Amino acid sequence: MNLKRLVSLVLVMVFCLTPFAEAAIYENQRVRIVIGSTSVSGDSYMVADIVNRYLQKYLNCQSKVDPVGANEAFATIQTAAPDGMTFMIFHDMTYLGVLFGSYSKEFDLENMVIGPRVGQNPGSCFAAKRNAPYNDMKEMAEWLKNNPDKTVRLSVEMGSVSNLAFVIYYVWLKDAYGEEVANRMRFVLGGSTDTKLQQLWDNNADVIFGDYSSFLQYTAEGVDEQLALKYVGLLDKIASRPDLPVYGDMGITIDGKPIYFSKDFLIYLPKGTPDNVVAELDEAVAKMQADPDFQADMTKMTYAGNTLQSKEAREFIYAKRDILKKVIESAPNLEDLE
């Protein structure tokens with residue numbers, strides 16, 4: 001055998017025995033990310049938009065956030081091909097809508113593949129007019145107790161995080177102050193943040209639910225008194241605003257334990273999505289978590305770049321759902337408090 005033929009044979013053997021590197025699933029692919037909101041100014045879009053920019057970087061894909069609203073987002077995850085090219089980034093309404101009966105059980109977490117957690121928003125909150133006779137929701141409870149002819153109307157959305165915030169407060173209020181006081185906290189059906197703000201300004205609601213960043217401009221000094229707001233109850237702590245009233249710090253509890261609730265934003269994929277797709281998302285999210293620019297972008301919006309890999313995220317969100325399920329089951333129907 002001559003040398004040239006020998007070298008060729010060796011090269012063929014090496015080529016055949018060397019395992020191929022697995023091709024990246026998302027490399028240069030077009031990816032659709034649906035969210036359960038139609039707004040491009042709320043936290044659902046803002047978080048997804050930040051995350052999307054870093055997923056593009058670390059997956060090397062062409063992805064776009066599509067604000068289709070909850071109904072279409074949930075339906076999309078039920079019908080999209082399980083190839084990873086369509087997924088949802090959304091917060092706790094993903095399971096709360098089912099717990100509250102706003103959405104069918106076909107949208108249960110068990111009918112989706114749960115990917116990594118991509119961030120948190122601690123800024124869900126209640127706000128009131130600046131001249132309201134209480135500065136926080138603990139004072140509001142005392143005010144209701146001391147004024148038996150008064151009511152407080154809270155504007156929230158059915159089946160949402162605001163619905164949960166109302167329920168948590170109602171259950172605590174009933175336990176701490178009695179049913180007579182709790183039942184003078186009335187429910188007003190709200191919609192978008194703009195709708196709820198208008199309800200407040202038109203005196204059709206006394207307290208409204210929204211996001212810290214959405215209300216911020218109306219809490220500044222110099223705002224017209226007709227529009228001026230104050231925060232009366234955040235569900236969790238914002239690191240840069242230790243001055244604000246927070247549920248747990250006010251003594252609002254679940255089963256005797258102070259409650260601190262951040263919205264958790266996870267990636268959800270169609271049932272049947274292969275493990276290697278989720279693994280690639282996990283890897284990209286781990287790189288995103290370690291990127292100081294990502295952390296800075298999240299902090300700038302008062303969000304938290306706290307991620308979890310898919311296994312931990314799945315265990316976390318199931319446990320969170322189970323705790324809140326007990327609270328929701330013990331609460332009245334909102335329609336009874338209209």
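Predicted model only: the values in this text are computed from it and were never measured.

## As for the confidence of the model for the protein chain
Line of reasoning, step 1. Scored by pLDDT, the protein chain comes out at a mean of 91, with 93% of its residues at no less than 70.
Line of reasoning, step 2. Low pLDDT (under 50) marks residues 6-21, which in the prediction has three contacts with non-local residues, meaning those over four places away or in another chain.

## Brief notes about the sheet that holds strand 6 (residues 152-156)
Line of reasoning, step 1. Taken in spatial order, the five strands of this open sheet run 7-6-8-5-9, and their pairing is mixed. The open sheet terminates on both sides in strands that have one partner only, identified here as strand 7 (185-189) and strand 9 (229-234). If you compare each strand with its neighbour and ignore which way they point, the axes differ by 35 degrees on average.
Line of reasoning, step 2. Across five bridges, strand 5 (residues 124-129) lies against strand 8 (residues 207-211) in antiparallel orientation. Directly across from F126, in strand 8, lies its bridge partner F209.
Line of reasoning, step 3. Running at roughly 170 degrees to strand 7, helix 6 (residues 161-177) makes contact with strand 5, strand 6, strand 7 and strand 8 of the sheet.
Line of reasoning, step 4. Taken strand by strand, helix 8 (residues 193-201) contacts strand 5, strand 6, strand 7, strand 8 and strand 9, and its axis lies near 155 degrees from that of strand 8.

## Looking at helix 5 (residues 137-146)
Line of reasoning, step 1. Within the sequence span of helix 5, burial applies to M137, M140, A141 and L144. When helix 5 is viewed along its axis, its buried side chains cluster within an angular range of 100 degrees and face the same direction.
Line of reasoning, step 2. Buried residues along helix 5 sit against strand 5, strand 6, helix 6, helix 7 (179-182), strand 8 and strand 9.
Line of reasoning, step 3. Two or three places before K138, at the start of helix 5, stands the capping residue D136, its side-chain oxygen 2.9 Å from that residue's backbone nitrogen.

## Examining the sheet that holds strand 1 (residues 30-35)
Whether parallel or antiparallel, the strands of a sheet pair through hydrogen bonds between backbone atoms.
Line of reasoning, step 1. Read from one edge of the open sheet, five strands run 2-1-3-12-4, paired in mixed fashion. Edge strands, defined here as strands with exactly one partner in the open sheet, are strand 2 (62-67) and strand 4 (112-121). Across this sheet, the average inter-strand angle for adjacent strands is 25 degrees, counted without regard to direction.
Line of reasoning, step 2. With seven bridges connecting them, strand 4 and strand 12 (residues 263-270) associate as antiparallel partners. From the neighbouring strand, Q120 faces strand 12, where its bridge partner is D264.

The rules behind these values
Residues numbered from 1 in each chain as written. Predicted model: local features only at pLDDT ≥ 70, side-chain atom pairs only at ≥ 80, totals over all residues. Heavy atoms only, no water. pLDDT = per-residue confidence, 0-100. Contact = heavy atoms within 4.5 Å. Pairing = 2+ DSSP bridges. Helix = DSSP H or I, 4+ residues; strand = E, 2+ residues; numbered from the N terminus. Axes fitted to C-alpha atoms, helices over the stretch in contact; angles between N-to-C directions. Buried < 20%, exposed > 50% of the residue type's maximum accessible area, 1.4 Å probe, protein only. Arc of directions from axis to C-beta. Polar contact = N/O pair within 3.5 Å; in protein donor to acceptor, adjacent residues only side chain to side chain.

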